[in-house]
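Commentary on secondary and tertiary structure
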Amino acid sequence: MSPEEQFKFIKPGEVRTRIAPSPTGFLHVGLARTALFNYLFAKKYEGSFVLRIEDTDLERSTPEFEKDIIENLKWLGIEWDEGPDTDGKYGPYRQTQRIDLYKKYLEKLLAEDKAYYCFCSEEELEAQRQYQMSQGMAPKYSGKCANLDKETVKKYLAEGKPSVIRFRVASKKVSFNDLIRGKVEFDTGLMGDMVIAKDLNTPLYNFAVVIDDFEMKISHVIRGEDHVSNTPKQILLQEALGLTQPQYAHLPLILGTDRTKLSKRHGAVSVSEFKKQGYLPEAMINFMAFLGWNPGNEREIYSLASLVKEFSLENVQKGGAVFNVKKLDFLNGFYLRQRSPEKLTELCLPYFIEAGLVTKEKADLNFLQKIVSLYQERLKKISEIIEFTDFFFKEVLNYDKELLRWKDMEDKELKDVIDKLEKILSKIKEEDWNKENLENVLMPEAEKTGDRGKLLWPLRAALTGKEASAGPFEVAEILGKEKTIKRIKQAKELIK
Ligand code: GLU
């Protein structure tokens, strides 16, 4: 049956997917994308999406990472039906709370001689590996402990000799029908007997994941391509234990623009970093959906709800998905423009506070809303609001006098323009100080110069101290008469 055909047989409500993060790092966009695709697939078929914390690696797992993963998935709006913090029929949903269950299965494999205790030391294994490689062979376990007699095993265990539990890997071809990649086949002859647990109470990933996917009735395992090579191992374990096999779908890798695997070298990779820079959850969701999926048409804007409708695994590509931050900026700009000025100001407030421009207690929201609105059109991420608007908060601006010069204006001409600006602006009454009036008064003067830039550029530069900004009339209105005149005077000082 082709992957496409298999979807026809899915009955609503039967799909159960999961995201199974190991809390050994912050929520990475790769993991968030996997969570999103699992969520979308489950919701599309009216099924359930499960969060399972895979914390069996005790040395590397921390509560902080678990908290970061949970908080940021929630922030993105990817909500689970079952997980460590919710009820569910198949809990607990944290692996360290399921040790007894794994133990039962481990004992079964040992009793049936499908797994065995291995007492080889690290040094011994390393020497073996070195030897095999020196002979041009692929390294794999030699099978030294595979046939130890029961008495010896008992004795070693009683003596407390360090050991692990290995699973007997039959040499054969294992294949599965990947819902994205089609038929995938592996020759397990190269694998060697694999370690599935350090001891009865310490199962390792490939083993625990098989038990959990079965016990939690996971119907579809959708995960990153980096797990493809784990799938045959998991299938062998399912076969040995007589467990049903979920369907597998391996998502394409996420690549940087240089087409190497996305990593810190490329910039931000954790969801919390994007959040801090001022990306909105809607933009992240919309963007991540396109990391490997496309709707098959030109539409670019998708809410989470519309993705649930449109998403399909058939439209997921096999090849790597390039992470293009410009696309994310574009989408974020779009969603920022959808916010009301009040809401956008609220979103910007923490950035103003952090930059020390206002305090929580004394923030003039009216004023902030005015300056935020000036930049709503150009904002791509919320953090940019600071570099756009910091000049409003300063007493004295720090810029080079060359900034005031429009094209190749002579010094004298520039000086005259600034003088003229001071004169005209001083005459405007406080009560008439608004952008319409400023425009009415200044535009005819600007036209008179033959090139409006000759008046408008020095004005705007003097008021903002920046190469680029909102227009001079809007800025002057918000600055008010006193501050505007002060800035013109400062410009005069600079060029005198
Ligand atoms: N704990 C594994 C990981 O974080 C889960 C892999 C899987 O989905 O099976 O990579």
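Keep in mind it's a predicted model, so treat the numbers as computed, not measured.

Parameters and conventions
Residues numbered from 1 in each chain as written. Predicted model: local features only at pLDDT ≥ 70, side-chain atom pairs only at ≥ 80, totals over all residues. Heavy atoms only, no water. Salt bridge = Lys/Arg side-chain N within 4 Å of Asp/Glu carboxyl O. Buried < 20%, exposed > 50% of the residue type's maximum accessible area, 1.4 Å probe, protein only. Pairing = 2+ DSSP bridges. Helix = DSSP H or I, 4+ residues; strand = E, 2+ residues; numbered from the N terminus. Axes fitted to C-alpha atoms, helices over the stretch in contact; angles between N-to-C directions. Parallel < 35°, antiparallel > 145°, perpendicular 65-115°, else oblique. Left-handed = near helix turned anticlockwise from the far one by under 90°. Contact = heavy atoms within 4.5 Å. Near = heavy atom within 4 Å. Polar contact = N/O pair within 3.5 Å; in protein donor to acceptor, adjacent residues only side chain to side chain. Areas by Shrake-Rupley, 256 points an atom, 1.4 Å probe, with all protein chains shown as cover. 1 Å grid on protein atoms, 1.4 Å probe; cavity = no way out; pocket = protein on both sides within 12 Å on 5 of 7 lines; lining within 4 Å. Sits in = over half its atoms within 2 Å of the grid points. Nonpolar A, V, L, I, M, F, W, Y, C, P; charged D, E, K, R; others polar. Patch = residues over 30% accessible without salt bridge, like charges linked within 9 Å, V, L, I, M, F, W, Y side chains within 5 Å. Lys, Arg positive; Asp, Glu negative; His and termini not counted. Charge placed at Lys NZ, Arg CZ, Asp CG, Glu CD. Right-handed = clockwise from strand over helix to strand, strands pointing away. Phe/Tyr/Trp six-rings, centres within 6.5 Å; stacked < 30°, edge-to-face > 60°. Lys NZ or Arg CZ within 6 Å of the ring centre and 35° of its normal.

**A word on the pattern of salt bridges**
What the rule picks out here adds up to 40 salt bridges. Between Arg60 and Asp57 there is a salt bridge; the shortest N-O distance is 3.1 Å. Asp57 sits in the partly exposed class, given a relative accessible area of 30%. For the salt bridge of Lys394 with Asp390, the shortest nitrogen-to-oxygen distance reads 3.6 Å. For Lys394, a relative accessible area of 37% translates into the label partly exposed.

**Quick word on the sheet that holds strand 4 (residues 164-167)**
Remark on secondary structure: sheet strands pair via backbone hydrogen bonds, oriented parallel or antiparallel. Reading across the sheet, the four strands line up as 3-4-7-8 and stay open at both edges, with antiparallel pairing between neighbours. In this open sheet, the two edge strands, each paired with only one partner strand, are strand 3 (115-118) and strand 8 (202-203). Two strands pair when backbone bridges link them, and strand 3 and strand 4 are joined in this way by four bridges, in the antiparallel orientation. Directly across from Tyr117, in strand 4, lies its bridge partner Ile165.

**Things to note about the environment of Tyr375**
Relative to the helices and strands, Tyr375 is located in helix 14 (residues 365-375). When its relative accessible area of 0% is taken as the criterion, Tyr375 is described as buried. Sequence spacing of Tyr375 and Phe388 is 13 residues, and the spatial spacing of their C-alpha atoms is 7.4 Å.

**Some words on the pairing of strand 5 (residues 173-178)**
What you see with strand 5 is a clean split: Val174, Phe176 and Asp178 sit on the buried side and Lys173, Ser175 and Asn177 on the side with no burial. When strand 5 meets strand 6 (residues 182-187), the two strands line up antiparallel, connected through six bridges. In the strand pairing of strand 6, Lys173 is matched with Asp187. The turn joining strand 5 and strand 6, which pair antiparallel and follow one another in sequence, is formed by three residues.

**Considerations on the packing of helix 4 (residues 99-111) against helix 7 (residues 205-215)**
Running from N to C, helix 4 and helix 7 cross one another at 110°; their axes reach a closest spacing of 10 Å. For the element pair helix 4 / helix 7, the angle class is roughly perpendicular. Where helix 4 crosses over helix 7, the handedness of that crossing is right-handed. Mapping the contact onto sequence places Leu101, Tyr102, Tyr105, Leu106 and Leu109 in helix 4 and Phe207, Ala208, Ile211, Asp212, Phe214 and Glu215 in helix 7.

**Quick notes on the site of the ligand**
Taken together, the neighbourhood of the ligand is formed by Arg18, Ala20, Ser22, Glu54, Tyr205, Val209, Arg223 and His227. Taking Arg18, its side chain carries an N or O atom lying 2.4 Å from an oxygen atom of the ligand. At 2.8 Å, a side-chain N or O of Arg223 approaches an oxygen atom of the ligand. Contact with the protein chains covers 82% of the free accessible surface of the ligand, which is 300 Å². Counting atoms within 2 Å of the grid points, the majority share of the ligand lands in the largest pocket. Considered class by class, the residues forming the shell around the ligand number three nonpolar, two polar and three charged.

**As for the packing of helix 2 (residues 29-44) against helix 10 (residues 281-289)**
Put simply, helix 2 and helix 10 touch, their axes get as near as 10 Å, and they point 80° apart. By the angle between their axes, helix 2 is roughly perpendicular relative to helix 10. Counting all contacts with helix 2, which are made through Val29, Ala32, Arg33, Leu36 and Phe37, the residues of helix 10 involved are Met284, Ile285, Met288 and Ala289. When grouped by side-chain class, the residues that make up the contact of helix 2 with helix 10 number eight nonpolar, no polar and one charged.

**Examining the side chain of Arg18**
Tracing the sequence through the fold places Arg18 in strand 1 (residues 16-19). A polar contact is formed between the side chain of Arg18 and the side chain of Asp213, at a distance of 3.0 Å. Setting aside residues up to four positions removed in sequence, Arg18 forms contacts with Asn38, Phe49, Val50, Arg52, Val209, Asp213, Ile218, Val221 and Arg223.

**What to know about a negative patch on the surface**
Judged by side-chain charge, Glu430, Glu431, Asp432 and Glu482 come together as a negatively charged surface patch. Residue Glu431 is classed as exposed on the basis of its relative accessible area of 60%.

**Comments concerning the pairing of strand 1**
Residues Arg16 and Arg18 point to one face of strand 1 and Thr17 and Ile19 to the other, with burial holding for every one of them. Both strand 1 and strand 2 (residues 48-51) contribute to a ladder of four bridges, which runs parallel. Of the residues in strand 2, the one forming a bridge with Arg18 is Val50. For the crossover from strand 1 across helix 2 to strand 2, the handedness is right-handed.

**Notes on the packing of aromatic side chains**
In the structure shown here, the tally under the stated rule is 21 aromatic pairs. Aromatic side chains Phe352 and Phe393 sit 5.7 Å apart centroid to centroid with 45° between the ring planes, which places their arrangement in the tilted category. Within this pair, whereas Phe352 is found in helix 13 (residues 341-354), its partner Phe393 is found in the loop between helix 15 (384-389) and helix 16 (411-427), the two being separated by 41 residues in sequence. Of the residues examined, Phe352 reaches a relative accessible area of 0% and is grouped as buried. Seen from their ring centres, Trp406 and Trp457 are 5.8 Å apart, and the 40° between their planes marks the pair as tilted. Of the two residues, Trp406 is situated in the loop between helix 15 and helix 16 and Trp457 in helix 18 (residues 453-464); the sequence distance between them amounts to 51 residues. The side chain of Arg33 reaches across the aromatic face of Phe37, ending 5.6 Å from its centre. A cation sits over an aromatic face here: Arg460 above Trp457, 4.6 Å from the ring centre.

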